[in-house]
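Listed below are the residues making up each chain.
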Amino acid sequence: MPKNINDMVMLIFICLCLWSLNGVFVADAVKSESVTEGESVSLNSSVTQIQTHEDIEWKFGDILIAKVNKNKESVFYNTTAAGRFRGRLRLDQTGSLTIINSRTTDSGLYTVSSSRDTINTINLTVYAHLPVPVITRDCSSSSSSSCSLVCSAVNVSHVTLSWFKGNSSLSSISASNLSVSLSLPLEVEYQDRNTYSCVLNNPIRNQTRHLNNTELCHTCAAGESSLITGLISAAAAGSLLIVAAVGIFWICRKKTHQEVQSGEEITYADPTFYKRRAQKSRAQEEEDVVYAGVVMRH
């Protein structure tokens, strides 16, 4: 009990102050919110009643993005934060902020405050959509008794990739906030009939690919047969091309040789005649004829 009137007055004053603040704002520790990109998220201001003389402001980091003024009018600063929130913010009369069509770049620290004090701080994380992991067979590592499998996911961040046998985790690998590609191997016996699955998950979502051991572990054999058949076909086609090229070469060569032979020319020299004398006999006339030689030119 108060010992004197002054203590009584002080106690009443404190109670009145607490009563006047009740319903205006409640300060909380940093809260966390998570959402998948494309979804809307509401950030609670923790204000249950806004007094007419209070301005409520929202900041993204240190950047002012929205405000409810004394007249309870909503004001949005679309050009701040590189314009990333343009047309995507909503404010209700309690000062709660809604972000529609959320993006991964919206992740960060949001602070709501009055003209007197910080009311609430929220750490928002916007996760990218999760792809369904892909399971393939690694033919180069498979043996006659076991099948080598690889589960992979590309361009992911803040995720964990895991192999499960039934409900038991066999192995896992995680990615940080950097966009990377993940792959996780698994060896399965051909006769193994257990249920296997590959799961990609972040803190709020997961995507699962179930293993069809019977179908997937026979893919390589068919692929190898197709490869061998393709190599044989290619070799046969190559041999035919070589034979055809050689045949064409010899035909062309033979034709060229024949043309050269048919093009041989015979050149005859003009004969020279001497005037015969009338007194000579026929035998003598024949002796006076001179025959020029015949030259063959190729």
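See the structure above.
Residues numbered from 1 in each chain as written. Predicted model: local features only at pLDDT ≥ 70, side-chain atom pairs only at ≥ 80, totals over all residues. Heavy atoms only, no water.

Caption draft 1: Here's a closer look at the packing of aromatic side chains. Inspection of the entire model under this criterion finds 3 aromatic pairs. Between phenylalanine 60 and tyrosine 110, the ring centres sit 4.9 Å apart and the planes meet at 45 degrees, which makes this aromatic pair tilted. Of this pair, phenylalanine 60 sits in strand E3 (residues 56–60) while tyrosine 110 sits in strand E8 (residues 108–113), placing them 50 residues apart in sequence. For phenylalanine 60, a relative accessible area of 12% gives the class buried. Given a relative accessible area of 0%, tyrosine 110 falls into the buried group. Feature note: the residues Phe60, Phe85 and Tyr110 constitute an aromatic cluster, connected by ring pairs. (Phe/Tyr/Trp six-rings, centres within 6.5 Å; stacked < 30°, edge-to-face > 60°. Helix = DSSP H or I, 4+ residues; strand = E, 2+ residues; numbered from the N terminus. Buried < 20%, exposed > 50% of the residue type's maximum accessible area, 1.4 Å probe, protein only.)

Caption draft 2: Region of the structure containing the pairing of strand E9 (residues 118–127). Counting buried positions along E9 yields 7 of 10 residues, so the element is predominantly enclosed. The pairing of strand E1 (residues 31–36) with E9 spans 6 bridges and is parallel. Looking at the pairing, valine 35 lines up with valine 126 of E9. Where E8 meets E9, 6 bridges bridge the pair, whose relative direction is antiparallel. Directly across from threonine 111, in E9, lies its bridge partner threonine 121. (Pairing = 2+ DSSP bridges.)

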